[in-house]
Amino acid sequence: MKSISTILLLLVLISCDKTTKTETKKIHQLDWLVGTWENNSDKGNLSENWKKVNDSTFNGQTYFIKGTDTLHNETFLVNQTEDDVFYIPTVKGQNNDKPVTFKLTQSTEKQFTFENPTHDYPTKIVYNKITADSMVAEISGVVDGVFSSEKYPMKKAK
């Protein structure tokens, strides 16, 4: 009787271990984003910095600077809870400086789509890996009844 109980306990523990590894697997697809991404143009300098905090969390910051003016400053957290992954940006000067949550709705090894249909703009954020050192971030949604989309190509700096 003790050996059957021991075997059942081991099976449960092995099953739980596999579940934990499966649950964190979704966020591991974002590992390629870790580092600094930039786009320097005549419109200004965009920089996005991604750091991996642990197996279920990334954080970072995005800046858009033109000359000496910071036109956009955003911090973000990407977190996996259970089977869901969330992108949670906080943009200085928007939404009363409070975070907004976007849920991962589609993912492949090269593309991630986060959505929040109740947010004013954007409602969708997409990251597309082009090569190991280039990507395009895209935000989109409806502004004043008209669909709008903005693309931000970036190269990996480090």
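Bear in mind that the values here come from a model prediction, so they are computed numbers and not experimental data. (Residues numbered from 1 in each chain as written. Predicted model: local features only at pLDDT ≥ 70, side-chain atom pairs only at ≥ 80, totals over all residues. Heavy atoms only, no water.)

Here we come to the overall build of the protein chain. Regarding its fold elements, the protein chain presents one helix and 10 strands. The burial tally for the protein chain puts 30% of its 158 residues in the buried class. Partitioning the contacts of the protein chain with sequence separation of at least 6, the portion at a separation of at least 24 is 28%. Element-wise, carbon and sulfur atoms account for 54% of the exposed surface of the protein chain, whose accessible area totals about 10,100 Å². (Helix = DSSP H or I, 4+ residues; strand = E, 2+ residues; numbered from the N terminus. Buried < 20%, exposed > 50% of the residue type's maximum accessible area, 1.4 Å probe, protein only. Contact = heavy atoms within 4.5 Å. Areas by Shrake-Rupley, 256 points an atom, 1.4 Å probe, with all protein chains shown as cover.)

Moving on to the pairing of strand β7 (residues 111–115). One face of the sheet, then the other: side chains in a regular strand alternate in exactly this way. Inspection of the sheet shows strand β6 (residues 102–107) paired to β7 by four bridges, in the antiparallel sense. By the bridge assignment for β7, S107 is matched with F112. Hairpin connection, β6 to β7: the antiparallel pair is bridged by three residues. Where β7 and strand β8 (residues 124–131) come together, five bridges link them in antiparallel fashion. Counterpart to F114 in the pairing with β8 is I125. (Pairing = 2+ DSSP bridges.)

Moving on: the sheet that holds β7. Judged by pairing direction, the barrel is antiparallel, and its 10 strands sit side by side in the order β1-β2-β3-β4-β5-β6-β7-β8-β9-β10 before closing back on the first. Taking each pair of neighbouring strands and ignoring which way they run, the sheet shows an average axis angle of 25°. (Axes fitted to C-alpha atoms, helices over the stretch in contact; angles between N-to-C directions.)

Of the pockets and cavities examined, the largest pocket occupies roughly 600 Å³. Contributing to the lining of the largest pocket are 28 residues, with H72, E74, V91, P122 and I139 lying nearest its centre. Of all the secondary structure elements, the ones that give two or more residues to the lining of the largest pocket are β2 (44–54), β3 (57–66), β4 (69–81), β5 (84–91), β8, β9 (134–143) and β10 (146–156). A per-element tally of the lining of the largest pocket places β5 first, with four residues. (1 Å grid on protein atoms, 1.4 Å probe; cavity = no way out; pocket = protein on both sides within 12 Å on 5 of 7 lines; lining within 4 Å. Points joined across faces, edges and corners; volume = space filled by probe spheres on them.)

The next point concerns the nonpolar core. One finds L33, W50, V78, Y87, F114 and Y127 to be the most contacted residues of the largest nonpolar core, which totals 24 residues. Elements represented by at least two residues in this core include exactly β2, β4, β5, β6, β7, β8 and β9. A total of three residues in this core trace back to one element, the largest contributor, which is β9. Ignoring any residue separated from it by four or fewer positions in sequence, one finds F114 in contact with L30, V85, F86, Y87, F102, K103, L104, T123, K124, I125 and Y127. (Core = buried A, V, L, I, M, F, W, Y, C linked by side-chain atoms within 4.5 Å.)

By the bridge criterion, two bridges tie strand β1 (residues 35–41) to β10 in an arrangement that is antiparallel. Pairing of W37 across the sheet is with K156, part of β10. With 10 bridges joining them, β9 and β10 adopt antiparallel strand pairing. Within β10, the residue paired with M135 across the bridge is M154. Here β9 folds back onto β10, and the loop between the two strands holds two residues, one of which, D144, carries a positive phi near 50°.

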